[in-house]
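# Observations on the three-dimensional arrangement
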Amino acid sequence: MNPQPVTTTWAVPECHDDVCITCSDAAVAVRVREVLAGGLAIVDTDAGPEEVSVALVDAGPGDVVLVHAKEAIAVVEKRS
């Protein structure tokens, strides 16, 4: 039995500038604007709203999350 190769395609996010604020080498704190389906969220950055993954954290609208490479890696402030 010969296994068939699996082809995977990834969506490439569009950046606002030459480098996305959430794709830089440093993690940044951003506020969650809206939680979307599939473990994604819209966050407010200095460059405007961006879509990031919140699959690794328990975050909701108003929370501040630490984001690196479009992935929220920690909740640093919960909305009261």
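The structure under discussion appears in the preceding block.
What you see as residue numbers is a count from 1 along each chain, following the sequence as written. Given that the model is predicted, a residue must reach a pLDDT of at least 70 before its local features are reported, and side-chain atom pairs must reach 80 or more before they are shown or counted; all residues, however, enter totals for whole chains, interfaces and linings. Water and hydrogen atoms were dropped before computing side-chain values, which therefore reflect all heavy atoms in the structure.

The next subject is the overall build of the chain. Working definition: helices are DSSP H or I runs of at least four residues, strands are E runs of at least two. Numbering for both runs from the N terminus. The secondary structure content of the chain amounts to zero helices and five strands. Across the chain, helices and strands are ordered from the amino to the carboxyl terminus as β-β-β-β-β. Any two residues having at least one pair of non-hydrogen atoms within 4.5 Å are treated as being in contact. Here the analysis covers contacts within the chain between residues at least 6 apart in sequence; of these, 39% occur between residues at least 24 apart. When the accessible area of the chain is evaluated, it comes to approximately 5600 Å², of which 53% is carbon and sulfur surface. Per-residue accessibility takes into account occlusion by the displayed protein chains alone, with areas from the Shrake-Rupley method and a 1.4 Å probe.

Below, the discussion takes up the nonpolar core. Taken as a class, soluble globular proteins show a tendency for nonpolar side chains to be buried jointly. The biggest cluster of nonpolar side chains holds 12 residues, and these are Val28, Val30, Val32, Ala41, Val43, Val52, Val54, Val57, Ala59, Val65, Val67 and Ala72. Sorting the residues of this core by element identifies β1 (28–36), β2 (40–45) and β4 (64–68) as the ones contributing at least two each. The leading source of residues in this core is β1, at three residues. The residues touching alanine 59, leaving out its near neighbours within four places in the chain, are Val32, Val35, Val65, Val75 and Lys78. Only buried Ala, Val, Leu, Ile, Met, Phe, Trp, Tyr and Cys residues count toward a nonpolar core, and they belong to the same one when joined by side-chain atoms within 4.5 Å. Each residue is placed in one exposure class: buried if its accessible area under a 1.4 Å probe, protein chains only, is under 20% of its type's maximum, exposed if it is over 50%, and partly exposed if it falls in between.

Let us look at the pattern of salt bridges. When a carboxyl oxygen of Asp or Glu lies within 4 Å of a side-chain nitrogen of Lys or Arg, that pair is called a salt bridge. Counted by the stated rule, this structure contains four salt bridges. Here glutamate 77 and arginine 31 are joined by a salt bridge, their closest N and O atoms 3.7 Å apart. Linking glutamate 77 in strand β5 (residues 71–77) with arginine 31 in strand β1, this pair joins segments that are 46 residues apart in sequence. For arginine 33, the salt bridge is made with aspartate 44, and the minimal N-O distance between the two is 2.6 Å. Taken together, the residues span a long stretch of sequence, with arginine 33 in strand β1 and aspartate 44 in strand β2 at a distance of 11 residues. The class for aspartate 44 is partly exposed, based on a relative accessible area of 31%.

Right, let's talk about unusual backbone geometry for a bit. Positioned with a positive phi, alanine 69 is a non-glycine residue whose angle comes to about 55 degrees. Phi at lysine 70 is positive, roughly 65 degrees, even though this residue is not glycine. In this fold, lysine 70 is placed in the loop between β4 and β5. Here lysine 70 falls in the buried class, since its relative accessible area comes to 13%.

Moving on, we get to the pairing of β5. Each regular strand carries side chains that alternate between the two faces of the sheet. Strand pairing is defined by DSSP finding a minimum of two bridges between the two strands. Bridging between β4 and β5 involves five bridges; their strand directions are antiparallel. Considered in β5, the bridge of histidine 68 is made with glutamate 71. Hairpin connection between β4 and β5: a loop of two residues separates the two successive antiparallel strands, and alanine 69 in this loop has a positive phi of roughly 55 degrees.

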